[in-house]
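Observations on chain architecture
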Amino acid sequence: MIFSTLEHILTLISFSIVSIVITIYLMTLLGMITTFFCITGLLVTRWIYLEHFPLSDLYESLIFLSWGFSIIHMWLMMHVSMMILSYAALLCGSLLSVSLLVITFRSSLGVFGKNNDSLIGLFSFDFDEIQYVNERSNALLNNSLLLFRNYHSYRVISLGFIFLTIGILSGAVWANEAWGSYWNWDPKETWAFITWTIFAIYLHIRTNQNFKGTNSTIVASMGFLIIWVCYFGVNLLGIGLHSYGSFTLAS
């Protein structure tokens, strides 16, 4: 009876302390966010009012330095948030690339089938003309759809790549504080680096006019699978320093 009462008392004390710490943490985060937006508003106001970028004297440089410290501090506090946002953006952009690849592949199959049926088309004239007009309009529609999806895929993946870069850099600083090293070649870190490399290759290919079409969509489609390995595979296997959410096997 005494041990049961002691257990309840210790549980109540521990949860009370955790609640207080979380409340203080959230208040600190809210204060940092409020400070960041206030300093941002101050810099923008001086930029508009004085009509020059606010780095012309010591006062403005100190304000800009404070703005830089506050935004870097929030990156370090939101390492997991940056990584999750990067996963979401990269998955959406990769899905657009996968759909673009599927449409391109189906169009290629359609052209191949039409070439095989070219002998049949020699005996129908009016029907071929109507069919040609319809195919021409469908081709224009498909091309516009492909360009639309390719453009938005590139923009979303670029945003996700920025989030991923911020997440990896902030995670390295966080790892140095927690484990004494910026990089440990943990499985999660390794796959995050592989994911970053794949999408860096995608963005590099997009800058080349000769390879920005199907080749870039293939790389982005590969990235779709790698993101799932980085996000789910490493965690569910229960290996490394980031092994949260793993399956527990009953003995």
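Everything numeric in this text was worked out from a predicted model, so none of it was measured. (Residues numbered from 1 in each chain as written. Predicted model: local features only at pLDDT ≥ 70, side-chain atom pairs only at ≥ 80, totals over all residues. Heavy atoms only, no water.)

Observations regarding the overall build of the chain
Filter applied, for reference: Here a helix means four or more residues in a row that DSSP labels H or I, a strand means two or more in a row labelled E, and each is numbered from the N terminus. Burial status follows relative accessibility: with a 1.4 Å probe on protein chains alone, a residue under 20% of its type maximum counts as buried, one over 50% as exposed, and anything between as partly exposed. Every residue pair with non-hydrogen atoms within 4.5 Å of one another is taken to be in contact. Here the Shrake-Rupley method, with its probe set to 1.4 Å, supplies the accessible areas, and only the displayed protein chains count as covering residues.
Per the secondary structure count, the chain includes seven helices and zero strands. When the helices and strands of the chain are placed in sequence order, the string is α-α-α-α-α-α-α. For the chain, buried positions account for 26% of its 251 residues. Partitioning the intrachain contacts of the chain with sequence separation of at least 6 by distance along the chain shows that 71% fall at a separation of at least 24. Summed over its atoms, the accessible surface of the chain is roughly 17,200 Å², and 74% of this surface lies on carbon and sulfur atoms.

Looking at the confidence of the model for the chain
Our working definition: Within a predicted model, pLDDT stands for the predictor's per-residue confidence, ranging from 0 to 100.
The share of residues in the chain with pLDDT of 70 or more is 73%, and the mean pLDDT across the chain is 76. When mean pLDDT is compared element by element in the chain, helix α6 (residues 187-206) scores highest at 89, while helix α4 (residues 118-121) scores lowest at 46. Predicted confidence for residues 122-134 stays below pLDDT 50, and this span has two contacts to residues more than four positions away or in other chains. This model gives residues 136-141 a pLDDT under 50, and the stretch forms zero contacts once residues within four places in sequence are excluded.

Topic: a nonpolar patch on the surface
For the record, the criterion: Without a salt bridge and with relative accessible area above 30%, a residue can belong to a patch; like charges are then joined within 9 Å and nonpolar side chains (Val, Leu, Ile, Met, Phe, Trp, Tyr) within 5 Å. Whenever a carboxyl oxygen of Asp or Glu lies within 4 Å of a side-chain nitrogen of Lys or Arg, that contact is scored as a salt bridge.
On the surface, F3, L6, I9, L10, I13, I17 and V21 cluster together into a nonpolar patch covering about 710 Å² of accessible area. Counting through the fold element by element, V21 comes out in helix α1 (residues 2-50).

Quick word on the UniProt feature "transmembrane region" (unreviewed entry) in the chain
Short version of the rule: UniProt positions are given in the numbering used here, feature names are shortened, and annotations may be inferred rather than shown by experiment.
Under the present numbering, the feature "transmembrane region" (unreviewed entry) in UniProt falls on residues 12-45, 57-78, 84-105, 156-175, 190-205 and 217-241. The distance separating the terminal C-alpha atoms of residues 12-45 is 49 Å; by composition the span is 100% helix and 0% strand. This span, residues 156-175, is 100% helix and 0% strand, and a straight line between its end C-alpha atoms measures 28 Å.

Observations regarding the packing of aromatic side chains
Rules: Under the pairing criterion, centres of Phe, Tyr and Trp rings, with the six-membered ring standing for Trp, must be within 6.5 Å; the plane angle then separates stacked pairs below 30 degrees from edge-to-face pairs above 60, leaving the rest tilted. Geometrically, a charge over a ring is one whose NZ (Lys) or CZ (Arg) sits within 6 Å of the ring centre while staying within 35 degrees of the ring normal.
Enumeration over the complete set of coordinates arrives at eleven aromatic pairs. Taking 5.7 Å as the distance between ring centres and 85 degrees as the angle between the ring planes, the aromatic pair formed by W183 and W185 counts as edge-to-face. For W183, a relative accessible area of 27% translates into the label partly exposed. Residue W185 is classed as exposed on the basis of its relative accessible area, which comes to 57%. One aromatic cluster in this structure is built from F36, F37, W47, F53, F64 and W67. The aromatic ring of Y154 is capped on one face by R206, whose charged end is 4.5 Å from the ring centroid.

Quick look at α6
The test is simple: Each helix should span, by expectation, one fewer than its residue count multiplied by 1.5 Å.
With 20 residues, α6 ought to run about 28 Å at 1.5 Å a step, and its terminal C-alpha atoms sit 29 Å apart, in line with that. Those residues of α6 not exposed but buried are K188, E189, A192, T195, I198, F199, Y202, L203, I205 and R206.

A word on unusual backbone geometry
In this structure, E51 takes a positive phi of about 60 degrees despite not being glycine. Positionally, E51 belongs in the loop between α1 and α2 (58-77). Residue class for E51 comes out exposed when judged on its relative accessible area of 71%. Despite not being glycine, W185 has its phi angle at roughly 55 degrees, a positive value. As for its position among the elements, W185 is in the loop between α5 (126-179) and α6.

Brief notes about the environment of F224
One can find F224 in helix α7 (residues 214-237). For F224, a relative accessible area of 18% translates into the label buried. For the pair F224 and T195, spaced 29 residues apart in sequence, the C-alpha separation works out to 9.2 Å. Residue contacts for F224: discarding those within four places in its chain leaves L91, S94 and L95.

Some words on the nonpolar core
Put simply, the rule reads: We define a nonpolar core as any set of buried Ala, Val, Leu, Ile, Met, Phe, Trp, Tyr and Cys residues linked to one another through side-chain atoms lying within 4.5 Å.
Counting residues in each nonpolar core, the largest one holds 20 residues, and the members touching the most others are M83, L90, I157, F199, Y202 and I227. Elements represented by at least two residues in this core include exactly α3 (79-116), α5, α6 and α7. In contact with I157, other than residues within four places in its own chain, are L90, G93, S94, S97, F199, Y202 and A220.

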